[in-house]
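# Inside the fold
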Amino acid sequence: RHLQEVGGLMGDSAQFDLREDGFKVGSAKLSAKAQQALDNLVPQLQENKTWSVKVFGHTDNTGSDKVNDALSVKRAESVKKYLSKKGFEAKCFQVKGMGPWKQVVCTDSTNTRIKNRRVEVIIVK
């Protein structure tokens, strides 16, 4: 699954992690697989327009901090824009770039760096 449910829709929030094939190196463009994963989330979001959505963009640790910080914001913005184009208007959209600072795996190889180029989507009831 390309949109990995981390927390489940329990209680007041759910967390989803868009990774693996979500973004190419240095890019904020959503891949076809990432778009498809978000498409699976859209119907649930459209039924609950009062929910707030927090979108956090991340990068791997290659490149400069300045470039990665800006890229992480662009990745989060691309998810927000995609969800908005699909008709979901959140009560509140929060978008934040996290840069390379919250890695989920060691980044000593190309295969593991992919997992750090991701966006977290947190839905709050």
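The sections below set out a description of the structure shown in this document. (Residues numbered from 1 in each chain as written. Predicted model: local features only at pLDDT ≥ 70, side-chain atom pairs only at ≥ 80, totals over all residues. Heavy atoms only, no water.)

### Some words on helix H1 (residues 32-46)
For an α-helix, 3.6 residues make a turn, and residues three or four places apart therefore share a direction. The condition that has to hold: The helix and strand labels rest on DSSP assignments: H or I over at least four residues marks a helix, E over at least two residues marks a strand, and numbering proceeds from the N terminus. By this rule the span expected of a helix is its residue count minus one, scaled by 1.5 Å. Fitting one axis to the seven residues ending at a residue and another to the seven starting there, the bend at that residue is the angle between the two axes. Here the term buried applies to any residue with accessible area under 20% of the maximum for its type, exposed to any over 50%, and partly exposed to those in between, with areas from a 1.4 Å probe on protein chains only.
Taking 1.5 Å per residue as the helical rise, H1 with its 15 residues ought to reach 21 Å, and the 21 Å between its terminal C-alpha atoms agrees with that figure. Of all the bends in H1, the greatest, near 30°, is centred on Asn 40, and the proline Pro 43 appears no more than four residues after it. Looking at H1, one finds that the buried residues are Ala 34, Ala 37, Leu 38, Leu 41, Val 42 and Leu 45.

### Some points on the pairing of strand E3 (residues 52-57)
Here is the rule we go by: Only strands joined by at least two bridges in the DSSP assignment are considered to pair.
With five of its six residues buried, E3 lies for the most part within the structure. As paired elements, E3 and strand E4 (residues 92-97) share six bridges and run parallel to each other. Directly across from Lys 54, in E4, lies its bridge partner Gln 94. The pairing of E3 with strand E5 (residues 119-124) spans six bridges and is classified as antiparallel. Across the sheet, Phe 56 pairs through a bridge with Glu 120, a residue of E5.

### A short note on helix H2 (residues 65-85)
Filter applied, for reference: Think of the arc as the fan of directions from the helix axis to the C-beta atoms.
Helix length check: H2 (21 residues) gives 30 Å between terminal C-alpha atoms against 30 Å at 1.5 Å per residue, within 8%. Of all the residues in H2, the buried ones are Asn 68, Leu 71, Ser 72, Arg 75, Ala 76, Ser 78, Val 79, Tyr 82 and Leu 83. The arc enclosing the buried residues of H2, seen along the axis, measures out at 145°, which places them on a common side. For H2, the exposed residues set more than 90 degrees away from the buried face come down to Lys 66, Val 67, Lys 74, Lys 81 and Lys 85. Once H2 ends, the next one or two residues include Gly 87, with phi positive near 100°.

### With respect to the packing of aromatic side chains
Convention followed: Two aromatic rings from Phe, Tyr or Trp, using only the six-membered ring of Trp, form a pair when their centres are within 6.5 Å; if the ring planes differ by under 30 degrees the pair is stacked, by over 60 it is edge-to-face, and anything between is tilted.
Summed over all chains, the structure comprises one aromatic pair. For the ring pair Phe 88 and Phe 93, a centre distance of 6.0 Å and an interplane angle of 75° mean the geometry is edge-to-face. Across this residue pair, the class does not change: Phe 88 and Phe 93 are buried.

### Points about the side chain of Ser 72
Rule in force here: Any pair of nitrogen or oxygen atoms within 3.5 Å is treated as a polar contact; in protein, a donor-acceptor pairing is required on top of that, and neighbouring residues in sequence qualify only through side-chain atoms on both sides.
Assignment of secondary structure puts Ser 72 in helix H2. There is a polar contact of 3.2 Å between the side chain of Ser 72 and the backbone nitrogen of Met 98.

### What to know about the packing of H1 against H2
As a reminder, the rule being used: Orientation is described by axes fitted as lines to C-alpha atoms, over the contacting stretch for helices, and by angles from 0 to 180 degrees between their N-to-C directions. We call two directions roughly parallel when the angle between them is under 35 degrees, roughly antiparallel when it is over 145, roughly perpendicular when it lies between 65 and 115, and oblique otherwise. Should the near helix be turned anticlockwise from the far one by less than a right angle, the crossing is termed left-handed; should it be turned clockwise, right-handed. We call two residues in contact whenever any of their non-hydrogen atoms come within 4.5 Å of each other. The residue classification treats Ala, Val, Leu, Ile, Met, Phe, Trp, Tyr, Cys and Pro as nonpolar and Asp, Glu, Lys and Arg as charged. All others, Gly included, are polar.
Contact geometry for H1 and H2: axes closest at 10 Å, N-to-C directions at 55°. Judged on the interaxial angle alone, H2 and H1 are oblique. Crossing angle aside, the handedness with which H1 passes H2 is right-handed. Every residue of H2 that contacts H1 at Gln 35, Leu 38, Asp 39, Val 42 and Leu 45 is listed here: Val 79, Tyr 82 and Leu 83. When grouped by side-chain class, the residues that make up the contact of H1 with H2 number six nonpolar, one polar and one charged.

### What about the nonpolar core?
Cut-off, in case you're wondering: Throughout, nonpolar core names a set of buried Ala, Val, Leu, Ile, Met, Phe, Trp, Tyr and Cys residues whose side chains join them through atoms within 4.5 Å.
With 23 residues, the main nonpolar core has Leu 18, Leu 30, Leu 45, Val 79 and Val 121 as its most contacted residues. For this core, the secondary structure elements donating two or more residues are strand E2 (13-18), H1, E3, H2 and E5. By residue number, the principal contributor to this core is H1, which donates six residues.

No statement about biological role is implied by the geometric values presented.
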